[in-house]
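Here is what each chain is made of, one letter per residue.
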Amino acid sequence: MKVLASHIRTIADILKVMRPGIVAGGFFAFCLGVLLGRLENQVFDTTRIALGYLVVCLSDLSTHYSNDYFDARLTRARDRQKIFGGSDVLIRRPELRPLTLRIAVILTTISIVLAAVSVFLYGAPSELLLMTAAGNLLGWIYSAPPIRLSSRGLGEIAIAVGVGLGIPGAGYLVTKGRFDSLFLSLAIPFMMYGFVLSLSLEIPDMEDDLQAGKKTLVVRKGRSFSFLAVMALSSLATLSFFIYSTVAASLQIINLKVVTVLSSIPLATGITGFVKRREKREQADPLSAANIVALFLFNISTDLYLTTLLICSRP
């Protein structure tokens, strides 16, 4: 019984590294890309889309495992719980680190293999394989030495590109088969939201990242500046949607005024976070978590709007 209990505990701890909240956010972002790609009556290839999501999900999970593996060597254990962000499992249980690294490698390998299967057997665009390879590489060099983007002040850009461009981009690509002006334009505010996500994940970890030698924007500029940056990026995203809704005729396949209204959700929490900003971690934690929840709600609300639009447009 003790052996069984030990195995169960190990499995539970390994699963904690997955960060299910962030994985769920990736699912809604991927769906956003799929729904945008479906707007012009594209063929809904369920198999190709399912494979596309598996490619993205496994790549995302690989990043979680590799990030926790490399960070465990630099960070001390913390006596606190967070809704989002990494766990302390590998710090408390260093014997699990080799297994975690193997899992990360396996997930990356399967992700790339499935991307190749999607391209060569199910007709997905070849760009999907290139994006998958680039996304997995970006996930590894985010935290792995010697490049370690998170220690060079480039971590936020990596997350913004991966989350704002890569995940919805993969959904769009496997559905429509190519990128066009609609997605490339919307990718700009999407990447702004990716930047907001990265800052909101970093704000609670400022002291730990400082101790680990990470040169994040939060470490370099402090929490107050970071809340200001979140508000500014959320405002620019809303402004982008508004401008598109008024002057970009080529994007009017959807009512971007509705998306502009929905973007007020992360804008509201961004403004609230700045107004109530605090440098102490205990007070900053819920404000940063609210920003992340708002991004989830934006994605879910936009997914629902696009789904409604597709249903209503059927003959």
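Whatever comes next refers back to the structure up there.
It should be emphasised that the depicted structure is a prediction, and the values quoted were computed from it without experimental measurement.

A. Fine view of the overall build of the chain. Counting its regular elements, the chain contains 14 helices and zero strands. Starting at the N terminus and ending at the C terminus, the chain contains elements arranged as α-α-α-α-α-α-α-α-α-α-α-α-α-α. What you see for the chain is a C-alpha radius of gyration of 20 Å, in line with the 20 Å of a compact globule of 315 residues. With the C-alpha coordinates aligned to their principal axes, the bounding extent of the chain is approximately 60 × 50 × 40 Å. At a minimum sequence separation of 6, the contacts of the chain that also span at least 24 residues come to 75%. Split by element, the accessible area of the chain, about 14,500 Å² in all, is 69% carbon and sulfur. For the chain, the centre of its 31 positive side-chain charges and the centre of its 21 negative side-chain charges are spaced 2 Å apart.

B. Representation of the nonpolar core in the model. Counting 43 residues, the largest nonpolar core has L36, L186, I254 and L306 as the members making the most contacts within it. Only helix 2 (20-37), helix 8 (181-202), helix 10 (217-221), helix 11 (223-247), helix 12 (256-262) and helix 14 (281-312) provide two or more residues apiece to this core. Among the elements that line this core, the one with the most residues is helix 8, at 11 residues. Not counting chain neighbours up to four residues away, the residues in contact with I254 comprise L36, L39, V259, Y305, L306 and L309. If you look at the next biggest cluster of nonpolar residues, it comprises 35 residues, including V55, Y69, L90 and A115.

C. Highlighting a positive patch on the surface. A cluster of basic residues, R152, K215, R220 and K221, forms a positive patch on the protein surface. Relative to the helices and strands, K215 is located in the loop between helix 9 (206-212) and helix 10. On the basis of relative accessibility, which here comes to 48%, the residue K215 falls in the partly exposed class.

D. The arrangement of helix 6 (residues 127-143) in detail. Taking 1.5 Å per residue, 17 residues should reach 24 Å; helix 6 reaches 25 Å between its end C-alpha atoms and fits that length. Among all positions of helix 6, only L128, T132, N136, G139, W140, I141, Y142 and S143 are buried. The secondary structure elements touched by the buried residues of helix 6 are helix 3 (46-71), helix 5 (97-122), helix 7 (155-176) and helix 8.

E. Fine view of the packing of aromatic side chains. Applying the stated criterion across every chain, the model contains 12 aromatic pairs. Clustering of aromatic rings is evident, with ring pairs tying together F27, F28, F30 and Y53. Here K221 stacks its cationic end above the ring of F225, 5.8 Å away from the centre of that ring. In this structure, R277 is placed above the aromatic ring of F274, and the distance from its NZ or CZ to the ring centre is 4.1 Å.

F. Region of interest: the packing of helix 2 against helix 8. One way to put it is that helix 2 packs onto helix 8 with a least axis distance of 12 Å and a crossing angle of 170°. One way to sum up the angle between helix 2 and helix 8 is to call them roughly antiparallel. Contact residues: helix 2 offers I22, L32 and L36, while helix 8 offers L182, L186, F190 and L201. Of the residues that constitute the contact of helix 2 with helix 8, the class distribution is seven nonpolar, no polar and no charged.

G. Representation of the state of the cysteines within the structure. Enumeration according to the criterion identifies zero disulfides in this entry. For the unlinked cysteine C31, the closest cysteine sulfur is that of C57, found at 11 Å. By relative accessible area, which is 21% here, C31 ends up partly exposed. Unpaired in this structure, C312 has its nearest cysteine sulfur neighbour in C31, at a distance of 19 Å.

Definitions and cut-offs
Residues numbered from 1 in each chain as written. Predicted model: local features only at pLDDT ≥ 70, side-chain atom pairs only at ≥ 80, totals over all residues. Heavy atoms only, no water. Helix = DSSP H or I, 4+ residues; strand = E, 2+ residues; numbered from the N terminus. Rg over C-alpha atoms; globule rule 2.2 N^0.38 Å. Contact = heavy atoms within 4.5 Å. Areas by Shrake-Rupley, 256 points an atom, 1.4 Å probe, with all protein chains shown as cover. Lys, Arg positive; Asp, Glu negative; His and termini not counted. Charge placed at Lys NZ, Arg CZ, Asp CG, Glu CD. Core = buried A, V, L, I, M, F, W, Y, C linked by side-chain atoms within 4.5 Å. Buried < 20%, exposed > 50% of the residue type's maximum accessible area, 1.4 Å probe, protein only. Patch = residues over 30% accessible without salt bridge, like charges linked within 9 Å, V, L, I, M, F, W, Y side chains within 5 Å. Salt bridge = Lys/Arg side-chain N within 4 Å of Asp/Glu carboxyl O. Expected span 1.5 Å × (residues − 1). Phe/Tyr/Trp six-rings, centres within 6.5 Å; stacked < 30°, edge-to-face > 60°. Lys NZ or Arg CZ within 6 Å of the ring centre and 35° of its normal. Axes fitted to C-alpha atoms, helices over the stretch in contact; angles between N-to-C directions. Parallel < 35°, antiparallel > 145°, perpendicular 65-115°, else oblique. Nonpolar A, V, L, I, M, F, W, Y, C, P; charged D, E, K, R; others polar. Disulfide = S-S within 2.5 Å.

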